[in-house]
Amino acid sequence: TTLFRSVELDRHTRTEDAVRGLVVAYLRWAAADPRAMRYLAQCREPTVAEISGGEEARLKQHFYGRLTGWLDERTTGGDLRALPHEHSLALWLGPAEHLGRATIDPSGHFATPEPDALRARLAQAERALADTAWEALRRPDQSDDADQAR
C-alpha cells in the first residue's frame, strides 16, 4: 500500500485532487485485492514480520517523509489547514482504512461480502469518503469562517 500511495500522490498537481485521489485509490486497491488487504491487516506471524520488516519499514519511512513534506508545502501554500501530520493522516485515510478493515472483519461483527459485493460496497463509499477527507483537511476560506460565525 505504501508504494501505491507514493504513486498516487505524484499523479496530481492540485491538492484537492491528491487528497481525494488517494482515498479513492486506497478503496479501489482494497476492492481489487482483498486478500492482500486482509493479509496486511491481519498478518503478525513473527517469521513473516522479520523477513519483511526491514523493507516495509524502509518503504514506510520513505513515503511518510515525502508525505510530511507534501503536507508542509500544501499547508504553507494555504491549501490545507495546519494540523500535526498524524492528525492529517488520520483524517485523510483513517476512515477509508477503517472501512476496508471492517469489510474483512474476522471477528464476525460484520459479514464478509463476496468479491463483487465488496467492490460495490467500497465503490459506493468513494465519493463520501473522498469528500469528507477534503473537507477535513482543506483550509477553510473566509466565507466558511463567516458562515460559522453566524
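Higher on the page you've got the structure.
Anyway, here's the lowdown on the structure attached to this text. (Residues numbered from 1 in each chain as written. Predicted model: local features only at pLDDT ≥ 70, side-chain atom pairs only at ≥ 80, totals over all residues. Heavy atoms only, no water.)

1. Let's talk about the pattern of salt bridges
Two side chains bearing opposite charge may form a pair once their charged atoms approach each other closely. Condition: Each reported salt bridge corresponds to a side-chain nitrogen of Lys or Arg within 4 Å of a carboxyl oxygen of Asp or Glu. Helix and strand assignments come from DSSP, with helices taken as H or I runs of at least 4 residues and strands as E runs of at least 2, each series counted from the N terminus.
The tally for this structure, following the rule as stated, stands at 10 salt bridges. The salt bridge partner of Arg14 is Glu16, with a shortest N-O separation of 3.0 Å. Between Arg127 and Asp131 there is a salt bridge whose closest N-O contact spans 3.3 Å. Of this pair, Arg127 and Asp131 are both found in helix H6 (residues 115-137), 4 residues apart, which corresponds to roughly one turn of the helix.

2. Things to note about the nonpolar core
So the rule is basically this: Residues enter a nonpolar core if they are buried and are Ala, Val, Leu, Ile, Met, Phe, Trp, Tyr or Cys, with the set joined through side-chain atoms within 4.5 Å. Throughout, exposure labels follow a simple rule: accessible area from a 1.4 Å probe, protein chains only, divided by the maximum for the residue type, with under 20% read as buried, over 50% as exposed, and the rest as partly exposed. Contact between two residues is taken to exist if any of their heavy atoms lie within 4.5 Å; hydrogens are not considered.
Membership of the largest hydrophobic core comes to 29 residues, with the highest contact counts inside it found for Leu9, Val19, Val23, Leu27, Trp70, Leu80 and Trp92. Listing elements by their share of this core, those giving two or more residues are helix H2 (15-32), helix H4 (46-76), helix H5 (85-103) and H6. Here this core takes 10 residues from H2, the largest share from any one element. Contact partners of Trp70, with chain neighbours within four places excluded, come to Leu9, Thr15, Ala18, Val19, Leu80 and Trp92.

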